[in-house]
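Single-letter residue listing:
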Amino acid sequence: MIQLQKISKHYPVGFGKNEILKDVDLTIEEGEFVSIMGPSGSGKSTLLHILGLLEEPSAGQYLFQGERVDKMNEKKRTQLHRGAIGFVFQAYHLIDELTVYENIETPLLYKSLSGSERKSKVADVLDRFNMVAKKDLFPNQLSGGQQQLVGIARAIVAEPRVILADEPTGNLHSDQAKVIMELFKQLNEQDKITIIQVTHSDLNATYGNRIIQIRDGHIQG
Amino acid sequence: MLLRYILIAFRNLRRQRLFAFINIAGLALSMTVCLMVLKSTKKEFSYDKFHPAASRTWRITSQATTQEGKHYHMASSPLPLANVLRQDYAIAEDVVSLYGVLSGNVIEGKKKLPVNGAFTEPSFFRVFGFSLKSGDPATALSAPNSIVLSEAAAGKIFGNTAVMGKVVHFEKMGDYIVTGILAPPPGLSHIDYEAYASLSSVPALEQQGMLPNRSQDWNQVQDGYTYVKLKPDVSKSSLATALAFISQRFYQPAAKGIGSITLEQQSLGSISPSQELYNDIGNASPWGKVLAAIAVALGLLICACFNYTNLSIVRSLQRAREVGVRKVNGALRWQVFLQFITESVVMCVLSLVLAILMLILAENYTSIGIGFMSGEPVDFMLFGWFLVFSVATGVLAGIIPAWALSSFQPAKVLRNMVDIKLFGGLGLRKTLIVIQFTLSLTAIIFFVTVYRQFAYKEAFNMGFSRDNILNVPLADGDFQLMKDRMMQVKGVEAITASSGTLGIPRHSGFLQVKTATNGNRMQIGYYAGDADFLKVMQLKLLAGTDFPRTMSRNQEQYIIVNEQMVKSLNLKSPSDAIGKAIWLSDSSMVSIIGVIKDFNYQPIEVPIFPMAIRFVPDQFRQLQILINTKDKDALMAGIKAAWLEMHPGQTFTGEWMSDLLYEKTSGKEPVSGVAILVLMITVIAALGLLGVVSYTTFTRRREIGVRKVMGAGVSGLVLLLSRNYLRLIALAGLIALPLGYLASQLFLRIFANRISIGFFTLAGSFAALLCIALLAIISQTWRAASSNPVDVLRND
Ligand SMILES: Nc1ncnc2c1ncn2[C@@H]1O[C@H](COP(=O)(O)OP(=O)(O)OP(=O)(O)O)[C@@H](O)[C@H]1O
Ligand SMILES: [Mg+2]
């Protein structure tokens, strides 16, 4: 499903450049649950952003579902964002001005769905995450774990093929982290959603079925 | 989707109260002015829309060149033109001549009423959309000495009685039988007379000498207005060709010593707003005024929009994450853009609501005209325009922030790497602040100048006396009899009869004089006054004597002139002028009996021109009574009784000369108008600055906290945080001082007698603005600098 070939990424720093990723080759199959690990500053988030089409690699090829990403136009990329890829962030990144319901609904707004379709999809997700009672609350009225649940709900409501999660439990207590990881596992196994998460926790990494170690921009064996 | 955007907009407003308040207050203030202007502009453009074939109707104007080579574009045209167009050219469906000289007093019973009318022909009702409430439009203006009255004029003259068939008796222009009453016109028109008499009455009036002989004179262009309704298939160029032919046929081309006239056409729709032709009729505002009002309103509005732009950009850090999240969830740039535009439109529509409220308040409960008040009712159309206007404002205000915000890259945003400098916000923001304060300071300097000039004008010694003088009209009868009677009232010191009040605009008359010796003509101003004029007005004789007490009433013999007049006669000293003979209007010869010291007989805008005091009892309009008593009430009662005794059945209107001068020449209106605008623009700029400072210091609160923990003092921090803004204000001052100086000079040019602007006006204005700005800046930076650092640092 995802194929990286000799991907490099560098940022300009002063007159030189700062190499973050060097010749990364990586293949991830449909239905995998991958954990990316590595020390701080090693380029995990950068890699995830490239996978999620938020950043472009400086060199190399990226094939998403067999298609070359660098050949895609803006429209096609946005379509992938709307349909195939869901994001979960360490800092949740909910929109403060929107209620739980509206936050979850956001990705659907940008797909051309009818109002009733949107309603039923959001209702399904709320139901599944046991958050029906909280649907009219605003993010600042929720605990961190609850906020992250909403973040995940928002990521899956548009039924993506892959979820990219950058330290989804980084801000959470271990009990809450457990709930989130169970949820990921369930999504992976029942809904066959590919999951790629960045994590610092060995425990969290065990939920997945593959671990990628990254160090100094290289993937270790 | 749109609904969702609107909902978010409201939630944002509620969360960001300061932001919402600053924007809505500023926008609403400026929109109030805009609405006033919109209303009055709509009125200015609504003239002459109800005529049956307005697009085919033209007014003929005259490009006149005088013998001296001076050039005038006159709205009027020669009277014989209408018949030539009718008879010799087959282009017109109808032609109508309007001869606006039927003005004067109408006498009805004991009442004397001024009526302003015109002579015209039956085609009037075919060319224009006026209709009759009673009477037959086809014939009402056919027979000589028939007249059609407006409803108001009919009521004024005859009261509530039946009017058709009654006789209107003009004091100096004969009798007319009422053959029609005008229905109220369906809209505004530049043609707005109280009465229309048949044009066929004019030849007889000319024969009797009641009107000058003009109906066959191609060289007289005053007061005659010609309108042509072209046949449907005739183009404008055919009319132009016809007019060119007529001009050639009746006039020589202009040359040295030869005057000439070229006829032109002006479409009915372009008469109002007025192009300020000479002799124009109607009361539409000139284009200049309409455009100036629009410019002022838009200037204010743009300043308010700047606030929105600035604050939105400053605040964009807070919104950046939202943009990133939306984009990650599949929003396209235009969708994000649209969302922010919707927010600013919502803001503007809210401001509109407030502005409409303020407009209603301003129109109903205050008398502060800014000069744009029109008193027009707000109809549905106008309301639609208001709405369109506020949506447009929203787009205008929101376009830059929406563009900047929608350009955020999600990857950068979500890594917290958005730097406000990334999209040039800083430069833009500074520029906008500088522009606002430049405008504001320019306006303040201008205002101070206007205020000082009018204060100066009020205190200016015009060279004549104005206190304790009561003006009473001299309606009928002999001025000497009236004077003798009034002199008996206790408390009266002296009385003069005069043609008008010194110092009031347009009260002086004008006439052409020629010296008997060299025959040089010149135009001078004059007042008619009697032998007590100099005494009551306290004008100083430099040479010669006052008028003798016994003078012929019918034959002018003597004249008193001012120093300027002596100069223009090329005489060395006042005493040289005594006894010199002068021709007045080529008709009578008088000799100079006295020379008076120059004084401002016209408002001080105008320099002192040559002028004269003439003894012309026919032109006496009023008695000016100098009193020497403190008991003004008793005196007034005495004068009133005496006046009524001589004018039974009429209403007495006496007025103090000083009050009249104050009312007619003081700058109350312009000063208060400019004051309101200055206040608004300064409040808007100050609010904007307040908002920007407040947000930027908020974003720097962590830096402040860290600095404090490291031992920085409050005053040092305030200075650090305020320095950049003070620099901006100084820059604004640098630009605005010369600008304000220039604008003020331009204004002062209106006045022949004027103040100089001076260092203190400029420095004071700048200091005032600086104080306001400091207040806005320091109130915010002080608060941030004196906050407890622990609160901030613990929070993240
Ligand atoms: N826009 C940028 N310009 C320059 N350098 C950047 C930029 N974005 C990231 N970097 C650098 O790239 C390196 C990798 O960053 P990245 O966020 O991928 O690390 P990470 O592995 O996610 O670390 P952490 O575990 O702390 O989140 C860092 O050293 C960072 O300074
Ligand atoms: Mg990271």
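Note that the coordinates shown come from a computational prediction; the quantities given were computed from them, not determined experimentally.

Quick notes on the rules
Residues numbered from 1 in each chain as written. Chains lettered and ligands numbered in written order. Predicted model: local features only at pLDDT ≥ 70, side-chain atom pairs only at ≥ 80, totals over all residues. Heavy atoms only, no water. Helix = DSSP H or I, 4+ residues; strand = E, 2+ residues; numbered from the N terminus. Buried < 20%, exposed > 50% of the residue type's maximum accessible area, 1.4 Å probe, protein only. Contact = heavy atoms within 4.5 Å. Areas by Shrake-Rupley, 256 points an atom, 1.4 Å probe, with all protein chains shown as cover. Lys, Arg positive; Asp, Glu negative; His and termini not counted. Charge placed at Lys NZ, Arg CZ, Asp CG, Glu CD. Phe/Tyr/Trp six-rings, centres within 6.5 Å; stacked < 30°, edge-to-face > 60°. Lys NZ or Arg CZ within 6 Å of the ring centre and 35° of its normal. Arc of directions from axis to C-beta. Pairing = 2+ DSSP bridges. Patch = residues over 30% accessible without salt bridge, like charges linked within 9 Å, V, L, I, M, F, W, Y side chains within 5 Å. Salt bridge = Lys/Arg side-chain N within 4 Å of Asp/Glu carboxyl O. Buried area = accessible area lost by both parts, 1.4 Å probe. Polar contact = N/O pair within 3.5 Å; in protein donor to acceptor, adjacent residues only side chain to side chain. Nonpolar A, V, L, I, M, F, W, Y, C, P; charged D, E, K, R; others polar. Domains from an automatic or database assignment. Axes fitted to C-alpha atoms, helices over the stretch in contact; angles between N-to-C directions. Near = heavy atom within 4 Å. Parallel < 35°, antiparallel > 145°, perpendicular 65-115°, else oblique. Left-handed = near helix turned anticlockwise from the far one by under 90°.

**Student:** I keep staring at the overall build of chain B and nothing clicks. Help me out?
**Tutor:** Counting its regular elements, chain B contains 24 helices and 22 strands. In terms of principal-axis extent, the alpha carbons of chain B reach across some 100 × 70 × 60 Å. When burial is assessed residue by residue, chain B has 50% of its 796 residues classed as buried. Across chain B, contacts joining residues at least 24 apart in sequence account for 79% of those joining residues at least 6 apart. Surface exposure of chain B reaches about 36,200 Å², of which carbon and sulfur atoms provide 59%. Chain B carries 74 positive and 53 negative side-chain charges, and their two centres are separated by 15 Å.

**Student:** Even after reading the chapter, I still don't get the packing of aromatic side chains, so can you show me in this structure?
**Tutor:** Centre-to-centre distance and the angle between the planes together describe a pair of aromatic rings. Residue and element names in this part refer to chain B. For the coordinates displayed, the defined rule picks out 36 aromatic pairs over all chains. Taken together, a centroid distance of 6.5 Å and an interplanar angle of 65 degrees make the contact between F599 and Y601 edge-to-face. For the pair formed by F599 and Y601, the shared burial category is buried. Among the aromatic residues, ring-to-ring pairing joins F50, F124, F125, F128, F130, Y193, Y196 and Y227 into one connected group. In this structure, R333 is placed above the aromatic ring of W403, and the distance from its NZ or CZ to the ring centre is 3.8 Å. Cation over ring: R701 sits above F698, and NZ or CZ is 4.1 Å from the ring centre.

**Student:** Would you explain helix α19 (residues 657–665) of chain B in this entry?
**Tutor:** Residues three or four positions apart in an α-helix share a direction because the helix packs 3.6 residues into each turn. For α19 of chain B, the complete set of buried residues consists of M657, L660, L661 and T665 of chain B. In a view along the axis of α19 of chain B, the buried residues occupy a sector of 100 degrees, so they form one face of it.

**Student:** Would you take a moment to explain the pairing of strand β7 (residues 167–170) of chain B for this structure?
**Tutor:** Side-chain direction in a regular strand flips from residue to residue, so the side chains alternate between the two faces of the sheet. All names here are of chain B. Going residue by residue along β7, you find V168 and F170 tucked away on one face and V167 and H169 left uncovered on the opposite face. Inspection of the sheet shows β7 paired to strand β8 (residues 174–182) by 4 bridges, in the antiparallel sense. What sits directly across from V167, in β8, is I177. Hairpin geometry of β7 and β8 is characterised by an intervening segment of 3 residues between the two adjacent antiparallel strands.

**Student:** Got a minute to help me understand a nonpolar patch on the surface in this structure?
**Tutor:** All names here are of chain B. A cluster of nonpolar side chains, contributed by V391, V395, I399 and I400, occupies part of the molecular surface with about 270 Å² of accessible area. Of note, V395 is situated in helix α11 (residues 380–406). Residue classification places V395 among the partly exposed positions, given a relative accessible area of 33%.

**Student:** What exactly am I supposed to notice about the interface of chain A and chain B here?
**Tutor:** By a frequent convention, interface size equals the accessible area lost on bringing the separate parts together. The partner chain B presents 23 residues to the 27 residues of chain A that form the contact. Looking at the side of chain A facing chain B, the largest losses of area belong to H93, E97 and Y110 of chain A, adding up to 30% of the total buried there. Here chain A is connected to chain B by 4 salt bridges. For the salt bridge of R4 of chain B with E105 of chain A, the shortest nitrogen-to-oxygen distance reads 2.7 Å. The interface formed by chain A and chain B includes 9 residue pairs in polar contact (both at pLDDT 80 or more). Elements supplying a minimum of two residues to the side of chain A that touches chain B: α1 (44–51), α2 (74–83), β6 (85–89) and α3 (100–109) of chain A. In terms of residue count, α3 of chain A provides more of the side of chain A that touches chain B than any other element does, 5 residues in total. For the side of chain A that touches chain B, a count of residues per class yields 12 nonpolar, 8 polar and 7 charged.

**Student:** I would appreciate a short explanation of the domain arrangement of chain B in the present structure.
**Tutor:** Residues and elements named next belong to chain B. Along its sequence, chain B is carved into domain 1 (2–37 + 289–454 + 668–795), domain 2 (54–270) and domain 3 (476–649). Taking only C-alpha atoms, the centre of domain 1 and the centre of domain 3 are 57 Å apart. Taken residue by residue, the interface counts 5 residues in domain 1 and 5 residues in domain 3. Of the roughly 390 Å² buried at the junction of domain 1 and domain 3 (both faces included), carbon and sulfur atoms supply 58%. For domain 1, the biggest contributors to the area lost against domain 3 are F751, A752 and N753; these three give 81% of the whole.

**Student:** Please clarify how the sheet that holds strand β1 (residues 2–13) of chain A should be interpreted in this entry.
**Tutor:** Where strands meet in a sheet, backbone hydrogen bonds hold them as pairs that are either parallel or antiparallel. Residue and element names in this part refer to chain A. A sheet is described by the order of its strands in space; here 4 strands give the open sequence β2-β1-β4-β5, paired in antiparallel fashion. The sheet is open, and its two edges are formed by β2 (16–28) and β5 (67–68), each paired on a single side. Bridge analysis of β1 against strand β4 (residues 59–64) gives 5 bridges, and the strand direction is antiparallel. By the bridge assignment, Q3 is partnered in β4 with L63. Of the strands in this sheet, β1, β2 and β4 are in contact with α1, which crosses β1 at around 120 degrees.

**Student:** Would you mind going over the site of ligand 1 with me for this structure?
**Tutor:** By nearness alone, 14 residues border ligand 1, and S40, G41, K44, S45 and T46 of chain A come closest of all. With respect to ligand 1, the chains having nearby residues are chains A and B. In the environment of ligand 1, an oxygen atom lies 2.8 Å from a nitrogen or oxygen atom belonging to the backbone of G41 of chain A. Here an oxygen atom of ligand 1 sits 2.6 Å away from a polar atom, N or O, in the side chain of S45 of chain A. Per-element accounting of the shell around ligand 1 gives the leading share, 3 residues, to α1 of chain A.

**Student:** Sorry, what's going on with the packing of helix α20 (residues 668–699) of chain B against helix α22 (residues 714–748) of chain B here?
**Tutor:** When two helices pack together, their arrangement is captured by the angle between the axes and the distance separating the axes. Residue and element names in this part refer to chain B. Across the interface, α20 lies against α22 with an axial gap of 11 Å and an inter-helix angle of 150 degrees. With respect to α22, the element α20 is oriented roughly antiparallel. When you trace α20 past α22, the crossing you get is right-handed. Listed contacts from α22 to L689, V692, V693, T696 and T697 of α20 are L721, Y725 and I729. Residue composition of the contact of α20 with α22, by class: 6 nonpolar, 2 polar and no charged.

**Student:** Would you mind going over the environment of S765 of chain B with me for this structure?
**Tutor:** Residues and elements named next belong to chain B. Following the sequence through the fold, S765 ends up in helix α23 (residues 758–785). Accessibility expressed as a relative area gives 2% for S765, which makes it buried. Note: C-alpha distance between S765 and G733 (32 residues apart in sequence) is 9.6 Å.

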